[in-house]
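One letter stands for each residue in the lines below.
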Protein chains: 4
Amino acid sequence: MNVINDGIDDKLFQYIQKSIAETPYYQVLSISLSRIGAGIAEVTVTSIVEHTNPLGLIHGGLIMSLADAAMGNAVRSLGIRGVTVDCSTAFLSPAALGEQITARGRVLKSGKSLIFAHAEVWAGEKLIADSKASFANTGTITY
Amino acid sequence: MNVINDGIDDKLFQYIQKSIAETPYYQVLSISLSRIGAGIAEVTVTSIVEHTNPLGLIHGGLIMSLADAAMGNAVRSLGIRGVTVDCSTAFLSPAALGEQITARGRVLKSGKSLIFAHAEVWAGEKLIADSKASFANTGTITY
Amino acid sequence: MNVINDGIDDKLFQYIQKSIAETPYYQVLSISLSRIGAGIAEVTVTSIVEHTNPLGLIHGGLIMSLADAAMGNAVRSLGIRGVTVDCSTAFLSPAALGEQITARGRVLKSGKSLIFAHAEVWAGEKLIADSKASFANTGTITY
Amino acid sequence: MNVINDGIDDKLFQYIQKSIAETPYYQVLSISLSRIGAGIAEVTVTSIVEHTNPLGLIHGGLIMSLADAAMGNAVRSLGIRGVTVDCSTAFLSPAALGEQITARGRVLKSGKSLIFAHAEVWAGEKLIADSKASFANTGTITY
């Protein structure tokens, strides 16, 4: 899949793409980056059986993982290394096997020591989760 | 691994064990049940490379998945089908590849329509996450 | 202050205005409704010494109270009696004595048993808090 | 009411007591400290009409204010100035006018830049809320 660069420095873009591709947790869950811009990131999966519970519904853990990935990479789009402090997710609707699930993260405030972000998770046209997180700023990304 | 039954009905115990073993999301992440009692559940993983980010640290998504699994199964230990409404997790310390990670969930209140639970996640002797969740009561488990 | 009705039934509008005016907790904190529409509500205070800590900063409890009030009344704008299940607030920036503080709540999903909402809290032009909440649907408002 | 000092330095104890007594937000809501020890704090109110909604139930904003106060003062019991980063509260049961409401806060982890805490809120013998918060460490209390 082509990843859209919505205007960040190309070297940072390459760094983030490579980092996500080399993250084993994303590989095992088939999570990939689809878009990144200054303070925003979008990650996506086509849901597969590995994401489900015995009822064929997508496990909440995957939804939270996607939301965290979208927000964490929105932080990195600013050239900041962030570590998640707290993440809170509301589950609005279930999602089912086969649906395309996309989390869109956005930085709300980037401070010297803390960064705040928000994410929405969509299954196609349906909003399935609302998530927010805070991150500790642990330094500048060097690439 | 032997799963400890801390006093729930044996048929319910068999049902929950089978359900967890048949959950593809738990299989892909190697999450397994280690203990269940009335209103409590403990799930565990030995962390493997599939749980990590490129720094060799355990991804927050795995920690949230474990916490949700521990609380969700604490709800099921009461014979209740629960659907996660909201889950909030604080990340106290990082965990590293190879550590045994255990989430202990506990039901705080089981109401007619809503159930509230709390979980702690431990890497060995170190508390790494504090989590809470609410669940919608969607009926009685039949087994 | 004039309260703006952004298009809800006038009787419901009167009911909500009266209910807020008669809520002792809002009276003691000088919280008032400024706008309500279908699925949205805005509440506001001009911060006074009663809202502060000894440093003259606005106490987080007031911010959370405003966010909850904005989301709870966004739920009521749909003619639904809601009870807060869980409320989570991130504090992006401090606010100081004398600032006009406004919380804008919005319903994200209104289900048969659960309603999900989101709120932003502003001190003038500065976003100071990001909040989300879930509510139990306890029936229809009769007026 | 007598405030119990569970073993912190007496000068810090005097400092915290004075600070709470001089906090206008606590005065207007009649919130007072009842106990403080190393990493723990307990705050309490006897609920009065100013805490209620038109149904005579205690407003969620008061519950969240109490939880935040208990956790914030548990942080201060360690000699640390903390600023709330994120606070999340689950509402397990309603509380009614006239009940004694007590929040018990406890520090889970005190790090160099972040502190994590947890609180339970009780109305008499009934657990009514479960709350967790993170705080930024903004320095040492001097007294």
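A quick note: this is a predicted structure, and the numbers were derived from the prediction, not measured.

Asks: What is the right way to look at the overall build of chain A in this model?
Replies: Tallying secondary structure elements over chain A gives three helices and seven strands in all. At 14 Å, chain A has a C-alpha radius of gyration in line with the 15 Å of a compact globule built from 143 residues. Seen through its C-alpha atoms, chain A measures out along the principal axes to roughly 45 × 30 × 25 Å. Counting only residues that meet the buried cut, chain A has 60% of its 143 residues in that class. Intrachain contacts of chain A at a sequence separation of at least 6 include 66% that bridge at least 24 residues. For chain A, the exposed surface amounts to about 5,400 Å²; the carbon and sulfur share of it is 53%.

Asks: Quick question: what am I supposed to make of the pairing of strand β4 (residues 80-91) of chain B here?
Replies: Within a regular strand, side chains alternate between the sheet's two faces. Within β4(B), nine of the 12 residues are buried, which leaves the element mostly enclosed by the surrounding structure. Alignment of strand β4 (residues 80-91) of chain A against β4(B), held across five bridges, turns out to be antiparallel. Pairing of Thr89(A) across the sheet is with Cys87(B), part of β4(B). Note that β4(B) and strand β7 (residues 126-140) of chain B share 10 bridges and pair antiparallel. Residue pairing across strands places Asp86(B) opposite Ser134(B), the latter belonging to β7(B).

Asks: What should I look at first to understand the relation of the copies chain B and chain A in this one?
Replies: These two copies of the chain differ by a rotation about an axis and a displacement along the same axis. With an RMSD of 0.0 Å, chain B superimposes on chain A once it is rotated by 180 degrees and translated 0.0 Å along the axis. Put plainly, the chains are arranged around a two-fold axis. The C-alpha atom lying nearest the rotation axis in chain B is that of Ser88(B); the distance is 2.0 Å. The residues that chain B uses at the interface reappear at the interface of chain A in 100% of cases, marking a shared surface.

Asks: How do you make sense of the pattern of salt bridges when you look at a structure like this?
Replies: Oppositely charged side chains may form a pair once their charged atoms are brought near each other. Residue and element names in this part refer to chain A. With the rule as written, the count across this model stands at 16 salt bridges over all chains. With its nearest N and O atoms 2.9 Å apart, the salt bridge here joins Arg35 to Asp6. Of this pair, Arg35 sits in strand β2 (residues 32-37) while Asp6 is found in the loop between β1 (4-5) and α1 (10-21), placing the two residues 29 residues apart along the sequence.

Asks: In this structure, what is going on with the nonpolar core? I would like to understand it.
Replies: Burial of nonpolar side chains together is a common tendency in soluble globular proteins. Within the largest apolar cluster, 88 residues are counted, with the highest numbers of intra-cluster contacts made by Leu29(A), Ile101(A), Leu29(B) and Ile101(B). When neighbours within four sequence positions are excluded, Leu29(A) is seen to be in contact with Val45(A), His51(A), Leu62(A), Ser65(A), Tyr25(B), Val28(B) and Leu29(B). Core analysis: the second largest hydrophobic core is formed by 87 residues, Ala119(C), Ile63(D), Met71(D) and Ala103(D) among them.

Asks: Could you clarify how one ought to interpret the pairing of strand β3 (residues 40-46) of chain A in this entry?
Replies: Residue and element names in this part refer to chain A. A large share of β3 lies buried, amounting to five of its seven residues. Bridge analysis of β2 against β3 gives five bridges, and the strand direction is antiparallel. Bridge pairing in β3 links Ile36 to Ala41. If you look at the hairpin formed by β2 and β3, you'll find two residues sitting between the two strands, and Gly39 has a positive phi there, around 85 degrees. Sheet topology places β3 next to strand β5 (residues 100-110); seven bridges connect them, and they run antiparallel. For Ala41, the partnering residue across the bridge sits in β5 and is Gly105.

Asks: Could you clarify how one ought to interpret the relation of the copies chain B and chain D in this entry?
Replies: Expressed as a screw operation, the relation of chain B to chain D combines 0.0 Å of axial shift with a rotation of 180 degrees, fitting to an RMSD of 0.0 Å. A symmetric contact is evident, with 100% of the interface residues of chain B recurring at the interface of chain D.

Asks: Where do I start with the packing of aromatic side chains in this structure?
Replies: The way to describe two aromatic rings as a pair is by their centre distance and the angle between their planes. All names here are of chain A. Applying the stated criterion to the full structure yields eight aromatic pairs over all chains. Consider the rings of Tyr15 and Tyr143, whose centres lie 6.3 Å apart with planes at 35 degrees: the pair is tilted. Highlighted residues: Tyr15 in helix α1 and Tyr143 in the segment after β7 (126-140), separated in sequence by 128 residues.

Asks: I keep staring at the interface of chain B and chain D and nothing clicks. Help me out?
Replies: For interface size, the figure often reported is the accessible area lost on association. Counting from both sides, the interface comprises 16 residues of chain B and, opposite them, 16 residues of chain D. Both faces considered, chain B and chain D share a buried interface measuring about 1,200 Å² in area, 61% of it formed by carbon and sulfur atoms. By the criterion of area lost to chain D, the three top residues of chain B are Leu92(B), Phe116(B) and Lys132(B), representing 41% of everything that side buries. The interface formed by chain B and chain D contains zero salt bridges.

Asks: Can you help me understand the interface of chain B and chain A in this one?
Replies: Contacts between the two partners involve 28 residues from chain B and, on the opposite side, 28 residues from chain A. For the pairing of chain B and chain A, the buried interface totals around 2,300 Å² over both sides, and the portion due to carbon and sulfur atoms is 63%. Considering only the surface of chain B that becomes buried against chain A, Tyr25(B), His59(B) and Met64(B) emerge as the three largest contributors, covering 26% of it. Seen at the junction of chain B and chain A, the total is zero salt bridges. Linking chain B with chain A are 14 residue pairs in polar contact (both at pLDDT 80 or more), by the criterion used here. Residue contributions to the side of chain B that touches chain A peak at eight residues, all from β4(B). Here the residues of the side of chain B that touches chain A are counted per class, giving 13 nonpolar, 11 polar and four charged.

Asks: Just checking my understanding: could you explain the confidence of the model for chain A for this structure?
Replies: Note: predicted coordinates in regions of low pLDDT should not be interpreted at a detailed level. Here chain A averages 96 in pLDDT, while 99% of its residues score no lower than 70. Scoring the predicted complex yields pTM 0.97 and, for the interface, ipTM 0.97.

The rules behind these values
- Residues numbered from 1 in each chain as written.
- Chains lettered and ligands numbered in written order.
- Predicted model: local features only at pLDDT ≥ 70, side-chain atom pairs only at ≥ 80, totals over all residues.
- Heavy atoms only, no water.
- Helix = DSSP H or I, 4+ residues; strand = E, 2+ residues; numbered from the N terminus.
- Rg over C-alpha atoms; globule rule 2.2 N^0.38 Å.
- Buried < 20%, exposed > 50% of the residue type's maximum accessible area, 1.4 Å probe, protein only.
- Contact = heavy atoms within 4.5 Å.
- Areas by Shrake-Rupley, 256 points an atom, 1.4 Å probe, with all protein chains shown as cover.
- Pairing = 2+ DSSP bridges.
- Least-squares fit on C-alpha atoms with pLDDT ≥ 70 in both.
- Salt bridge = Lys/Arg side-chain N within 4 Å of Asp/Glu carboxyl O.
- Core = buried A, V, L, I, M, F, W, Y, C linked by side-chain atoms within 4.5 Å.
- Phe/Tyr/Trp six-rings, centres within 6.5 Å; stacked < 30°, edge-to-face > 60°.
- Buried area = accessible area lost by both parts, 1.4 Å probe.
- Polar contact = N/O pair within 3.5 Å; in protein donor to acceptor, adjacent residues only side chain to side chain.
- Nonpolar A, V, L, I, M, F, W, Y, C, P; charged D, E, K, R; others polar.
- pLDDT = per-residue confidence, 0-100.

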